[in-house]
Amino acid sequence: MKLGLIGYGAIGRHVEAAGLENIELVSVLVRRPRQEGLLTHEPDRFFAHKFDAVAECAGHEAVSMYGQRVLENGADFLVTSVGAFTDTALFDRLLAAAKASGRRLILPSAGIGALDILSSAAVGGLESVTVTVRKDPSAWKGTIAETLVDLDGLTAPYTVFDGPVREGARLYPQNVNISAAAAIAGLGLDKTRVVIVADPALTTHIVELEAKGTFGRFTFMEDVAVSEENRKTGKLVAMAMVKSVRQLASTLVVAA
Ligand SMILES: NC(=O)C1=CN([C@@H]2O[C@H](COP(=O)(O)OP(=O)(O)OC[C@H]3O[C@@H](n4cnc5c(N)ncnc54)[C@H](O)[C@@H]3O)[C@@H](O)[C@H]2O)C=CC1
Ligand SMILES: O=C([O-])CC(=O)C(=O)O
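In this text the structure is predicted, and so the values were computed from the model without any measurement.

Chemist: What's the story with the nonpolar core in this structure? I'm lost.
Modeler: Looking at soluble globular proteins, one finds that nonpolar side chains tend to be buried together. Counting residues in hydrophobic clusters, the biggest one holds 59 residues, and the most contacted among them are Ile6, Phe77, Phe85, Leu118, Trp140 and Leu209. Counting residues per element, this core draws most heavily on helix H7 (residues 177–185), at 6 residues. Taken together, domain 1 (2–109 + 238–248) and domain 2 (115–233) each give at least three residues to this core, which thus spans both. Non-local contacts of Phe85, meaning those with residues more than four positions away in its chain, are made with Val63, Val79, Leu90, Phe91, Leu94, Leu105, Leu107, Arg166, Ile184 and Leu189. Within the second largest apolar cluster, 22 residues are counted, among which are Val28, Ala55, Ala110 and Ala238.

Following this line, the structure appears as structure tokens:
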């Protein structure tokens, strides 16, 4: 199968470098002008290829700019920047495009675990779902958190947001896409709560997911290493994207 990649940063580079059996990476769309190897910054050059699947590892803007084109061109679309779907019109547009072309919009597990139990539990009905994301202050640089608190001066954990995912994932587009994935898997963007914390004691990302429903309850916690290329992104995300891309052409699918 033929794969396209949008974005060549902390996640995309690792997907490109990974061994992908039965998958041929044919082109990588980047933002800054570059014309080397598989990389191109020209969307028309990228979309001249016929893909079976395109994986987005670029950002919210890339989902809205290219999602429809990917699906209309007959490829499945794997989205890491799931928080882009806090825009319901965009989400509906891409779902409609996927349906019309008989392709799929795929939200990989990426930086969060337990989406399997959460989506199973959603079948029977959920009562409450909370995602808590804790990262060190440097991860919140360049975000709206800088207007709320002196990140460099923090000596104790500081909650920069506590509320519905629809708002939190829009306000922190590079940091809490995982909350949007959990919301779409479970109670939805308006009823899922996200708590976002800048914690100066941390050197890792700590993500917790708590859910209650007719199935019972679960608590999931991960304490993950930070990517060397981007302090906002956990190392697990690139690993997960490689896993999800490999699954596209794999005979054995675990945790589908
Ligand atoms: N679902 C999840 O668990 C996670 C999702 N993400 C999402 O993945 C995105 C990428 O993460 P990283 O690789 O860490 O970021 P990064 O900043 O290291 O790399 C992003 C790459 O995408 C490129 N890019 C940005 N906009 C583009 C566009 N419109 N067209 C083509 N290329 C474009 C950039 O030039 C850069 O090469 C994040 O912005 C975030 O939205 C990130 C971490 C976890
Ligand atoms: O890797 C992480 O910490 C999660 C992340 O950035 C996101 O969900 O956008």
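This is not the end of the story, as more comes after the structure.
Chemist: Explain the site of ligand 2 here, please?
Modeler: In the vicinity of ligand 2, the contacting residues are Lys135, Gln174, Asn175, Val176, Asn177, Ile178, His205, Lys232, Thr233, Gly234 and Val237. Note that an oxygen atom of ligand 2 is positioned 2.8 Å from one of the backbone N or O atoms of Ile178. Contact with the protein chains removes 93% of the 270 Å² of surface that ligand 2 exposes when unbound. When grouped by side-chain class, the residues that make up the shell around ligand 2 number 3 nonpolar, 6 polar and 2 charged.

Chemist: What is the right way to look at H7 in this model?
Modeler: Two residues of an α-helix separated by three or four positions point the same way, owing to the 3.6 residues in each turn. Across the 9 residues of H7, 8 count as buried, placing the element largely inside the fold. Buried residues in H7 make contact with helix H3 (60–72), helix H5 (115–124), strand S7 (126–135), helix H6 (165–171), strand S9 (193–198) and strand S10 (205–213).

Chemist: What is the right way to read the domain arrangement of the protein chain from this model?
Modeler: For interface size, the figure often reported is the accessible area lost on association. What the domain assignment lists for the protein chain is domain 1 (2–109 + 238–248) and domain 2 (115–233). The partner domain 2 presents 15 residues to the 14 residues of domain 1 that form the contact. With both sides pooled, the region where domain 1 packs onto domain 2 buries about 1100 Å², and carbon together with sulfur makes up 67% of that total. A per-residue breakdown of the area domain 1 buries against domain 2 is headed by Ala10, His60 and Thr86, which together make up 42% of the total. The interface formed by domain 1 and domain 2 includes 0 salt bridges.

Procedures and definitions
- Residues numbered from 1 in each chain as written.
- Chains lettered and ligands numbered in written order.
- Predicted model: local features only at pLDDT ≥ 70, side-chain atom pairs only at ≥ 80, totals over all residues.
- Heavy atoms only, no water.
- Core = buried A, V, L, I, M, F, W, Y, C linked by side-chain atoms within 4.5 Å.
- Buried < 20%, exposed > 50% of the residue type's maximum accessible area, 1.4 Å probe, protein only.
- Helix = DSSP H or I, 4+ residues; strand = E, 2+ residues; numbered from the N terminus.
- Domains from an automatic or database assignment.
- Contact = heavy atoms within 4.5 Å.
- Near = heavy atom within 4 Å.
- Polar contact = N/O pair within 3.5 Å; in protein donor to acceptor, adjacent residues only side chain to side chain.
- Areas by Shrake-Rupley, 256 points an atom, 1.4 Å probe, with all protein chains shown as cover.
- Nonpolar A, V, L, I, M, F, W, Y, C, P; charged D, E, K, R; others polar.
- Buried area = accessible area lost by both parts, 1.4 Å probe.
- Salt bridge = Lys/Arg side-chain N within 4 Å of Asp/Glu carboxyl O.

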